[in-house]
Amino acid sequence: MTEVLPELYCDEHLVAVHKPTGLLVHRTGIDRNETRFAVQMVRDQLGQHVYPVHRLDKGTSGVLLFARNPEIARQLVQQFAEQKIDKTYWAVVRGHPPEQGRIDHPLDRIQDDYDKRTRTDAPAQSAVTDYRRLACVEIPVAVDRYPVSRYALLALSPLTGRRHQLRRHLKHIAHPIIGDVRYGKGSHNRYFREHLAAPRMLLACVRMQLSHPVTGATLVIEQPVDGSFRALLQHWQWPVDVNNA
């Protein structure tokens, strides 16, 4: 049976789907053996070409938006570039960050494996992320060098769109995302995988708000966390409803 991605919004101009963790948006040189890509799956579902207008890393789940023609794609990419599209992510991180804050930390460019024109020697780009702490926990387990271990659930709002921005920003403030192999901490990732049944990166795009490129109407598209991410939140009696957190 052909796998179908759940549609969160669909009209003649654009479509938003729920991308599960572990699925690439499009083919890259990093995962040469992968055969499943969100772009192709949505094309097959709709029976037409679709055009990705933003990225979600392979390990990140949640709202993924596509345009259904090149002109709509151009308009949506422009909205993203002008920071007119609001995105909210949820992440489980190590430690207890302040209740709210802003991370204003420029990021060096990362080479695109599918676009070799990206210059890694260019100046760092401005990057800003707002965050709000939704819940926290302290458990009597020495996962690292301390006798207890602390974790928190954050709502993240990236005000810029740099590659791996949220993952790199959380590492920068010493609260890395759980399950992030590249920027996180191996001991905590292993604990969540082996003892809390959470083998994935705990980062998801749960909400996107934008102006419809044709009608101008405000669109709010939501996708609560699911699977092992949701089960973990329920285990610690943390919020699971995007609107009530």
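An account of the accompanying structure is given in this report. (Residues numbered from 1 in each chain as written. Predicted model: local features only at pLDDT ≥ 70, side-chain atom pairs only at ≥ 80, totals over all residues. Heavy atoms only, no water.)

Here we come to the overall build of the chain. Within the chain, the regular secondary structure consists of five helices and ten strands. When its C-alpha atoms are laid out on the principal axes, the chain stretches across 55 × 45 × 40 Å. Within the chain, the proportion of its 245 residues that are buried is 48%. Here the analysis covers contacts within the chain between residues at least 6 apart in sequence; of these, 65% occur between residues at least 24 apart. Taking the average place of the 33 positive charges on the side chains of the chain and the average place of its 26 negative ones, the gap between the two points comes to 5 Å. (Helix = DSSP H or I, 4+ residues; strand = E, 2+ residues; numbered from the N terminus. Buried < 20%, exposed > 50% of the residue type's maximum accessible area, 1.4 Å probe, protein only. Contact = heavy atoms within 4.5 Å. Lys, Arg positive; Asp, Glu negative; His and termini not counted. Charge placed at Lys NZ, Arg CZ, Asp CG, Glu CD.)

So, about the pairing of strand S8 (residues 149-158). Each regular strand displays side chains that alternate between the two surfaces of the sheet. By the criterion of burial, S8 is predominantly enclosed, with eight of the ten residues buried. One ladder, built from six bridges, connects strand S5 (residues 86-94) with S8; its direction is antiparallel. Counterpart to Tyr89 in the pairing with S8 is Leu156. Here strand S7 (residues 128-139) runs beside S8; their pairing, made up of ten bridges, is antiparallel. When the bridges of S8 are listed, Cys136 appears paired with Ala152. (Pairing = 2+ DSSP bridges.)

Let's shift gears to the pattern of salt bridges. Any two side chains of opposite charge can pair if their charged atoms end up close together. This structure, assessed with the given rule, holds eleven salt bridges. Among the salt bridges present, the one from Glu71 reaches Arg74, with a minimum N-O distance of 2.8 Å. Of this pair, Glu71 and Arg74 both sit in helix H2 (residues 70-81), three residues apart, which is roughly one turn of that helix. Given the relative accessible area of 38%, Glu71 is considered partly exposed. Arg167 is the salt-bridge partner of Asp180, the closest N and O atoms lying 2.9 Å from each other. Placement of Asp180 in the loop between helix H3 (165-172) and helix H4 (186-195) and of Arg167 in helix H3 is noted, with a sequence separation of 13 residues between them. Each member of the pair, Asp180 together with Arg167, is buried. Here the salt bridges do not stand alone but share partners, grouping Asp57, Arg167 and Asp180 into one network. (Salt bridge = Lys/Arg side-chain N within 4 Å of Asp/Glu carboxyl O.)

With that settled, the discussion passes to helix H5 (residues 227-235). Here H5 has its buried residues at Phe229, Leu232 and Leu233. The arc enclosing the buried residues of H5, seen along the axis, measures out at 100 degrees, which places them on a common side. Facing away from the buried side of H5 by over 90 degrees, the exposed positions are Gly227 and His235. Where H5 is buried, its residues contact S5, S8, H4 and strand S9 (203-211). Of the residues one or two after H5, Gln237 is the one with positive phi, at around 55 degrees. (Arc of directions from axis to C-beta.)

A few words on the nonpolar core. Core analysis: the biggest nonpolar cluster contains 42 residues, and Leu65, Phe66, Leu76, Leu156, Leu203, Met208 and Leu210 have the highest contact counts within it. The leading source of residues in this core is strand S4 (residues 61-67), at five residues. Among all residues touching Met208, those that are not within four sequence positions of it are His54, Val63, Leu65, Phe80, Ile85, Asp86, Lys87, Leu219, Val220 and Ile221. Trp90, Ile139, Leu153 and Phe192 belong to the second largest nonpolar core, which has 26 residues in total. (Core = buried A, V, L, I, M, F, W, Y, C linked by side-chain atoms within 4.5 Å.)

With that settled, the discussion passes to the packing of aromatic side chains. What the rule picks out here adds up to five aromatic pairs. A centroid spacing of 6.4 Å and a plane angle of 80 degrees characterise the contact between Tyr191 and Phe192, whose relative ring orientation is edge-to-face. As far as burial versus exposure is concerned, Tyr191 and Phe192 are alike and both buried. Residues Trp236 and Trp238 carry aromatic rings whose centres are separated by 5.0 Å and whose planes lie at 50 degrees to one another, so their mutual orientation is tilted. According to the relative accessible area criterion, Trp236 is buried, its value standing at 13%. Through pairs of rings, three or more aromatic residues link up here, namely Tyr151, Tyr191, Phe192, Trp236 and Trp238. (Phe/Tyr/Trp six-rings, centres within 6.5 Å; stacked < 30°, edge-to-face > 60°.)

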